[in-house]
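Below, each chain spelled out in residue letters.
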Amino acid sequence: MRSLYRLRGSQDLEKELSMVEDIMYSTIFIYLDLMLLSLIFSYMLFPLHHSLIFSFIIFTGFSAFCIGIYNALTKWKKD
């Protein structure tokens, strides 16, 4: 009986899931993910060029490229 009392209704779970989805699909988190991906990409390519300037250029270039693709896809989705 106690386990039945502690079970939540499916509507409560759907509310919480939709709230988490709204937070995770926010543009700030997507931009942070793209920046993290750019940082990982520039870190992985560091042994090829051994320069902080080139790694910064790769970081900014890759992040600008990903953000541009994301903005283009969101604009295309709205149309």
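About the criteria used
Residues numbered from 1 in each chain as written. Predicted model: local features only at pLDDT ≥ 70, side-chain atom pairs only at ≥ 80, totals over all residues. Heavy atoms only, no water. Phe/Tyr/Trp six-rings, centres within 6.5 Å; stacked < 30°, edge-to-face > 60°. Helix = DSSP H or I, 4+ residues; strand = E, 2+ residues; numbered from the N terminus. Buried < 20%, exposed > 50% of the residue type's maximum accessible area, 1.4 Å probe, protein only.

Q: Would you take a moment to explain the packing of aromatic side chains for this structure?
A: Aromatic rings considered in pairs are described by the distance between their centres and by the relative angle of their planes. With the rule as written, the count across this model stands at two aromatic pairs. When the ring of Tyr-31 is compared with that of Tyr-70, the centres are 5.7 Å apart and the planes differ by 80°; the resulting orientation is edge-to-face. Pair noted here: Tyr-31 is in helix 3 (residues 27–44) and Tyr-70 is in helix 5 (residues 52–78), with a separation of 39 residues, a long-range link. On the accessibility criterion, Tyr-31 (28% relative accessible area) is partly exposed. Judged by relative accessible area, Tyr-70 falls into the buried class, the value being 17%. With 4.5 Å between their ring centres and 25° between their planes, Phe-41 and Phe-62 make a pair best called stacked. In this pair, Phe-41 sits in helix 3 while Phe-62 sits in helix 5, placing the two residues 21 residues apart along the sequence.

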